[in-house]
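Chain by chain, the residues run as shown.
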Protein chains: 2
Amino acid sequence: MKTIRDIGAMRRYARREQASGKTLGFVPTMGYLHAGHDSLVKAARRDNDRVVVSIFVNPAQFGPREDFNRYPRDFKRDETTLEAAGVDVIFYPSKAAMYPEGYATYVTVDRLSDVMCGESRHGHFRGVTTVVLKLFEIIRPDTAYFGCKDFQQTVIIKKMVKDLNMDVAVRVLPTVREPDGLAMSSRNMYLNGHERADARILFKALKKAEDMVKHNERRSRSIIGQLKQVIGRTPNTVIDYVKIVDRDTLQDIAIVKDTAVLALAVTVGKTRLIDNIVLGRKYVRS
Amino acid sequence: MKTIRDIGAMRRYARREQASGKTLGFVPTMGYLHAGHDSLVKAARRDNDRVVVSIFVNPAQFGPREDFNRYPRDFKRDETTLEAAGVDVIFYPSKAAMYPEGYATYVTVDRLSDVMCGESRHGHFRGVTTVVLKLFEIIRPDTAYFGCKDFQQTVIIKKMVKDLNMDVAVRVLPTVREPDGLAMSSRNMYLNGHERADARILFKALKKAEDMVKHNERRSRSIIGQLKQVIGRTPNTVIDYVKIVDRDTLQDIAIVKDTAVLALAVTVGKTRLIDNIVLGRKYVRS
């Protein structure tokens, strides 16, 4: 495995492999890897001749009062993990190389970026789409892998790829969870012991929603109301949103149907956590 | 030569040629080709194994009160021209394929897009960068060719390519002119006889500026003032702007130096025309 820091060198590696007919799988990350990333890397390893994992804490997707500076970083540990997983290249560019002085170009996906997490995190998704497009341009992967925990992000990236006619397949893999159901996230390390216990409410809420739908409750308002009550009773939590949306348009839907996804964002202590579950598909058609 | 209308078919052609090691030159156009386009096609033909020319009147770069509907189109004539020029493929996609219902993704280059032509044509350059990026994604050319008549456009596209780490070389070729100096443009066909005569003032103004610099006038304000007077005396003309700007930042510069470009936009009759000339480089260092 090699670590490439230079953008030009990364491009030359990718073009050389592609010219010799090798397929290239790509997993973009912000590092501080967990089992969710592992599952993406495993899938990339299984499907492709070469696997590139990028580690880049992308300043463009953090708001001015967000946690860019304290976002966890541990390159040595990540390197060991990725070496063991059989990754070919870590792409580890500097902030100055990715956003040189005078940087001015951004990719925006209208509408989808303004709802849900976009309402409280202005400019967040513009930062995500911009950096993902840049990484795709440098690497030109055949397939890129994303985790479903960041549901809205996956919808927006798929939309960007389609709208801009980008020649890359986007694969979205299931959320990986801790034994008690908490979705894996690099930000879980911010939680202290009490908060970690309280954070279980996110998964419990999802399961409650699933249960209500199984018992034939289809009214989003009723499901959301119940969830807000349950979460509201949990200490240290502030609800950002609980929504049932269409999985393609991200618009609120009133009656749970085939394409319904329940998504929520809750701040536990000082840490904003997100999670989601497909409500339609599995249950509604039964 | 073949004409490809389908985006997927265009991509497959390009990938097949690239996989066999062929270099690909690309000339994006809105059709109704003139000698300016010819010079781009010739350069592409000289430098590359395969040449693709796109013809697409891009709705995203026209404002609601602009000339999208009456923009001149003559595919048959263009086809004959390009066949004779030895082009391999005309890419001629439909509006519905390029911007399907629900289309939402745009590329913006901040600052550079808001000045000069961007001040009177809101959203114009967002439309240009978006469609150029889409075409680059589909075709993945080694080199793309643009004419210098659209000076601001070339600066913005080069900036986009650099910022987004796109793997394409951008070549800008000199403006091709009518015998009396008028820059070639598909929009010249809008001009009636009188207007066509009056339109010569754009080139005359550029030459006047060049002459003033040759005679050691370096103050932008003085040069611009003189040009506005000369153009103002010409019938049927309304000045949009006359500016001396830095060729990279497009910011106004007060004293003509090495990187100075004089650019102007003048409406003649009902037709908005643009032109530009490098004032620095050639004269200022002498």
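Please read all numbers here as calculations on a predicted model, not as lab measurements.

J.: So, the overall build of chain A: which residues are in play, and what are the values?
T.: Across its full length, chain A holds 10 helices and 10 strands. Computed over C-alpha atoms, the radius of gyration of chain A comes to 19 Å, within 12% of the 19 Å expected from 2.2 N^0.38 for 286 residues, which places it in the range of a compact globule. Viewed in the frame of its principal axes, chain A has a C-alpha envelope of about 55 × 40 × 40 Å. Evaluated residue by residue, chain A yields a buried proportion of 57% over its 286 residues. A fraction of 73% describes how many contacts in chain A between residues 6 or more apart in sequence connect residues 24 or more apart.

J.: So what's going on with the side chain of Thr 29 of chain A? Residues and values would help.
T.: Residues and elements named next belong to chain A. Here Thr 29 shows up in strand β2 (residues 24-29). Taking the relative accessible area as the measure of exposure, Thr 29 reaches 7% and is therefore buried. A polar atom in the side chain of Thr 29 sits 2.9 Å from the backbone nitrogen of Gly 31. If we ignore the near neighbours within four places in the chain, the residues touching Thr 29 are His 37, Val 53, Ser 54, Ile 55 and Phe 56.

J.: So what about unusual backbone geometry? Which residues, and what values?
T.: Most peptide bonds are trans, and most residues other than glycine sit at a negative phi. Residues and elements named next belong to chain A. A positive phi angle is found at Asn 165, which is not glycine, with a value near 60°. With respect to the helices, strands and loops of the structure, Asn 165 is situated in the loop between α7 (151-163) and β7 (169-173). Residue Asn 165 is classed as buried on the basis of its relative accessible area, which comes to 8%.

J.: How would you explain the interface of chain A and chain B if you had to name every residue and give the values?
T.: The interface is formed by 27 residues belonging to chain A together with 27 residues belonging to chain B. Taken together, chain A and chain B are joined by 4 salt bridges. Among the ionic pairs, Asp 167 of chain A bridges to Arg 11 of chain B, the shortest N-O distance being 3.8 Å. Along the contact surface separating chain A from chain B lie 22 residue pairs in polar contact (both at pLDDT 80 or more). The set of elements that each furnish at least two residues to the side of chain A that touches chain B consists of α1 (7-19), β5 (105-109), α6 (124-139) and α7 of chain A. At 6 residues, the largest contribution of residues to the side of chain A that touches chain B is made by α6 of chain A. Looking at chain direction, β5 of chain A and strand β5 (residues 105-109) of chain B are connected through 5 bridges and run antiparallel. For Val 107 of chain A, the partnering residue across the bridge sits in β5 of chain B and is Val 107 of chain B.

J.: Explain the relation of the copies chain A and chain B to me, and be specific about the residues and the numbers.
T.: Of the two same-sequence chains, chain A is brought onto chain B (RMSD 0.0 Å, axial shift 0.0 Å) by a rotation of 180°. Here the copies are linked by what is in effect a two-fold axis. Of the C-alpha atoms belonging to chain A, the one lying closest to the rotation axis is found on Val 107 of chain A, 2.3 Å away. Comparing interface residues between copies, 100% of those in chain A also lie at the interface in chain B; the contact surface is shared.

J.: Go over the packing of aromatic side chains with me, naming the residues and quoting the values.
T.: What the rule picks out here adds up to 14 aromatic pairs over all chains. An angle of 75° between the planes, with centres 5.8 Å apart, marks the rings of Phe 62 of chain A and Tyr 71 of chain A as edge-to-face. With a relative accessible area of 7%, Tyr 71 of chain A lands in the buried category. Ring centres of Tyr 99 of chain A and Tyr 103 of chain A lie 5.0 Å apart, and the angle between their planes is 80°; this geometry places the pair in the edge-to-face category. In this structure, Tyr 99 of chain A and Tyr 103 of chain A share a single accessibility class: buried. An aromatic cluster is present here, built from Phe 56, Tyr 99, Tyr 103 and Tyr 106 of chain A joined pairwise through their rings. Geometry around Tyr 32 of chain A places Arg 77 of chain A over its ring, the cationic atom sitting 4.5 Å from the centre. Cation over ring: Arg 70 of chain B sits above Tyr 190 of chain B, and NZ or CZ is 4.1 Å from the ring centre.

J.: Got a sec to walk through helix α3 (residues 75-84) of chain A? Specific residues and values, please.
T.: Residue and element names in this part refer to chain A. By the burial criterion, the buried members of α3 are Phe 75, Asp 78 and Leu 82. Taken around the axis of α3, the buried residues stretch over an arc of 60°, which confines them to a single face. Residues of α3 that are exposed and angled more than 90 degrees away from the buried face: Lys 76, Thr 80 and Ala 84. Here the buried face of α3 lies against β1 (2-4), α2 (35-47), β3 (50-55) and β4 (89-91). One or two positions beyond α3, positive phi appears at Gly 86, with a value near 80°.

J.: Could you give me a rundown of the sheet that holds β7 of chain A, with the residues and numbers involved?
T.: All names here are of chain A. Taken in spatial order, the 6 strands make up an open sheet running β1-β4-β3-β2-β6-β7, and their pairing is parallel. The sheet terminates laterally at β1 and β7, the two strands that pair on one side only. Along the sheet, successive strands turn relative to each other by an average axial angle of 25°, direction set aside. Note: β1 against β4, 3 bridges, orientation parallel. Counterpart to Thr 3 in the pairing with β4 is Ile 90. Sitting on the sheet, α1 touches β1, β2, β3 and β4, and the angle it makes with β1 is about 125°. Helix-sheet contacts for α6 involve β2, β3, β4 and β6 (143-147), and the interaxial angle to β2 is about 150°.

Each value, and the rule that gives it
Residues numbered from 1 in each chain as written. Chains lettered and ligands numbered in written order. Predicted model: local features only at pLDDT ≥ 70, side-chain atom pairs only at ≥ 80, totals over all residues. Heavy atoms only, no water. Helix = DSSP H or I, 4+ residues; strand = E, 2+ residues; numbered from the N terminus. Rg over C-alpha atoms; globule rule 2.2 N^0.38 Å. Buried < 20%, exposed > 50% of the residue type's maximum accessible area, 1.4 Å probe, protein only. Contact = heavy atoms within 4.5 Å. Polar contact = N/O pair within 3.5 Å; in protein donor to acceptor, adjacent residues only side chain to side chain. Salt bridge = Lys/Arg side-chain N within 4 Å of Asp/Glu carboxyl O. Pairing = 2+ DSSP bridges. Least-squares fit on C-alpha atoms with pLDDT ≥ 70 in both. Phe/Tyr/Trp six-rings, centres within 6.5 Å; stacked < 30°, edge-to-face > 60°. Lys NZ or Arg CZ within 6 Å of the ring centre and 35° of its normal. Arc of directions from axis to C-beta. Axes fitted to C-alpha atoms, helices over the stretch in contact; angles between N-to-C directions.

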